[in-house]
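Listed below are the residues making up each chain.
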Amino acid sequence: MKIVMLGAPGAGKGTQAKKISAKYGIPHISTGDIFRANIKGQTELGMKAKVFMDQGQLVPDEITIGMLLDRIQEDDCKNGYVLDGFPRTIPQAESLTKALANMGEQIDYAINVDVPDENIISRMSGRRACLKCGQTYHTVYNPPKTENVCDVCGEPLVLRDDDKPETVKKRLDVYHDQTQPLIDYYKKAGVLAEVDGTKDLEAVFQDIVKILGA
Ligand code: ADP
Ligand code: AMP
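Nothing here was measured: the structure is a model prediction, and the numbers come from that model. (Residues numbered from 1 in each chain as written. Chains lettered and ligands numbered in written order. Predicted model: local features only at pLDDT ≥ 70, side-chain atom pairs only at ≥ 80, totals over all residues. Heavy atoms only, no water.)

Caption draft 1: View of the side chain of T31. Structurally, T31 can be placed in helix α2 (residues 31-40). T31 gets classed as buried once you look at its relative accessible area, which sits at 3%. When residues no more than four places from it in sequence are discounted, the contact partners of T31 are T64, M67, L68, D84, G85, F86 and R88. (Helix = DSSP H or I, 4+ residues; strand = E, 2+ residues; numbered from the N terminus. Buried < 20%, exposed > 50% of the residue type's maximum accessible area, 1.4 Å probe, protein only. Contact = heavy atoms within 4.5 Å.)

In structure tokens form, the structure reads like this:
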């Protein structure tokens, strides 16, 4: 099963992608997590990406597309995957469609997690992230068991630099301009499913399970 998660930054794509990954036994691939791991490891890719991420802009397609297409060739992707944060532009979506078509494959579901902009700023300012394992929490809606400590790996949690309100506003503009058109792209491809992302996170997941099948 090959799934793309669509939605604004902070809509809950990562939260739901992790739950899908655990239930259906397919890897969760987040391009944001891959970039952050590269920034932490101070790789050349990480240093290039950081400049764009800190400004709330997209990392250029020339860097992002190759990185993602390499990742989905890996062994753990044989039975599918859930993509979180990719594609974010029409050229990214077209490259993915083309690469899959060359292998006789296609995306099975594009799930749009719909959350209005008004809710996004509070979601993002409460988000806490583990930069080691990629787990995310919310101070109010999904708190860790111990304040500011990752339940999974025990690392201290951080407020991402790009989750500060000024940057979130920029990211929302970029989303509406470059990423929202993908909803139509996947609708035309006949694989779009929509869920109401304002419900609590378990209710959103139940709606997704209804779409994917138990
Ligand atoms: P995205 O991957 O789309 O950027 P996240 O999954 O990281 O978004 O979610 C953003 C923030 O909102 C996180 O702090 C997360 O814990 C919280 N969150 C996710 N889904 C919900 C929900 N349905 N209700 C309330 N808070 C949520
Ligand atoms: P995320 O963790 O998905 O919120 O992504 C954080 C940041 O990483 C984004 O604001 C972008 O700067 C960058 N990024 C992640 N995925 C992509 C992508 N598919 N294309 C371009 N930039 C991306």
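Caption draft 2: View of the site of ligand 1. Neighbouring ligand 1 are 20 residues, the closest being G14, T15, R127, Y137 and K199. A distance of 3.0 Å separates an oxygen atom of ligand 1 from a polar backbone atom of G12. One of the backbone N or O atoms of G14 is found 2.8 Å from an oxygen atom in ligand 1. Protein contact buries 94% of the 560 Å² of open area that ligand 1 shows by itself. (Near = heavy atom within 4 Å. Polar contact = N/O pair within 3.5 Å; in protein donor to acceptor, adjacent residues only side chain to side chain. Areas by Shrake-Rupley, 256 points an atom, 1.4 Å probe, with all protein chains shown as cover.)

Caption draft 3: Region of the structure containing the sheet that holds strand β7 (residues 192-196). On the basis of which strands lie adjacent, the open sheet formed by five strands has the order β2-β3-β1-β4-β7 and parallel pairing. The open sheet is flanked by β2 (28-30) and β7, the only strands paired with a single partner. Each neighbouring strand pair of the sheet contributes to a mean axis angle of 25 degrees, computed without reference to strand direction. (Pairing = 2+ DSSP bridges. Axes fitted to C-alpha atoms, helices over the stretch in contact; angles between N-to-C directions.)

Caption draft 4: Fine view of the state of the cysteines. A full pass over the atoms with the stated rule returns zero disulfides. Left unpaired, C77 is separated from the closest cysteine sulfur, that of C133, by 19 Å. Residue classification places C77 among the buried positions, given a relative accessible area of 5%. (Disulfide = S-S within 2.5 Å.)

Caption draft 5: Region of interest: the side chain of Q92. You can see Q92 is positioned in helix α5 (residues 90-102). Residue Q92 is classed as buried on the basis of its relative accessible area of 2%.

Caption draft 6: Geometry of unusual backbone geometry. Between F86 and the following residue, P87, the backbone shows a cis peptide bond with an omega angle of -5 degrees. Even without being a glycine, N148 presents a positive backbone phi close to 65 degrees. By the secondary structure assignment, N148 is in the loop between β6 (136-138) and α7 (165-179).

Caption draft 7: Quick look at helix α8 (residues 181-188). Within the sequence span of α8, burial applies to L182, I183 and Y186. Down the axis of α8, the buried set is contained in an arc of 110 degrees. They therefore lie on one face. Structural note: α8 exposes K187 and K188 on the side pointing more than 90 degrees away from its buried face. The inward-facing, buried residues of α8 abut β1 (2-6), α5, β4 (109-114), α7 and β7. Looking at the residues trailing α8, positive phi occurs at G190, about 80 degrees. (Arc of directions from axis to C-beta.)

Caption draft 8: Expanded view of the packing of aromatic side chains. Summed over the entire model, instances satisfying the criterion amount to one aromatic pair. Each ring, one from Y185 and one from Y186, has its centre 5.0 Å from the other, and the planes form 80 degrees; the classification is edge-to-face. A relative accessible area of 2% means that Y186 is categorised as buried. Looking at K19, its charged tip hangs above the ring of F205, at a distance of 5.2 Å from the centre. (Phe/Tyr/Trp six-rings, centres within 6.5 Å; stacked < 30°, edge-to-face > 60°. Lys NZ or Arg CZ within 6 Å of the ring centre and 35° of its normal.)

Caption draft 9: Structural context of the nonpolar core. Core analysis: the largest hydrophobic core is formed by 44 residues, its most contacted members being M5, I20, I72, L83, L96 and Y186. If one sorts the elements of this core by residue count, helix α9 (residues 201-212) sits on top with five residues. Discounting residues that sit within four places of it in the chain, L96 has contacts with V4, L68, L69, I72, L83, F86, P87, I107 and Y186. Counting residues in each nonpolar core, the second largest holds six residues, with M53, V59, I63 and M67 among its members. (Core = buried A, V, L, I, M, F, W, Y, C linked by side-chain atoms within 4.5 Å.)

Caption draft 10: Representation of the packing of helix α1 (residues 13-24) against α9 within the structure. For the pair α1 and α9, the least separation of the axes is 10 Å and the interaxial angle reads 50 degrees. Relative to α9, α1 is oriented oblique. The chirality of how α1 crosses α9 is right-handed. Seen from α1, the contacting residues are T15, Q16, K19, I20, K23 and Y24; seen from α9, they are L201, E202, V204, F205, I208, V209 and L212. Split into classes, the residues belonging to the contact of α1 with α9 amount to eight nonpolar, two polar and three charged. (Parallel < 35°, antiparallel > 145°, perpendicular 65-115°, else oblique. Left-handed = near helix turned anticlockwise from the far one by under 90°. Nonpolar A, V, L, I, M, F, W, Y, C, P; charged D, E, K, R; others polar.)

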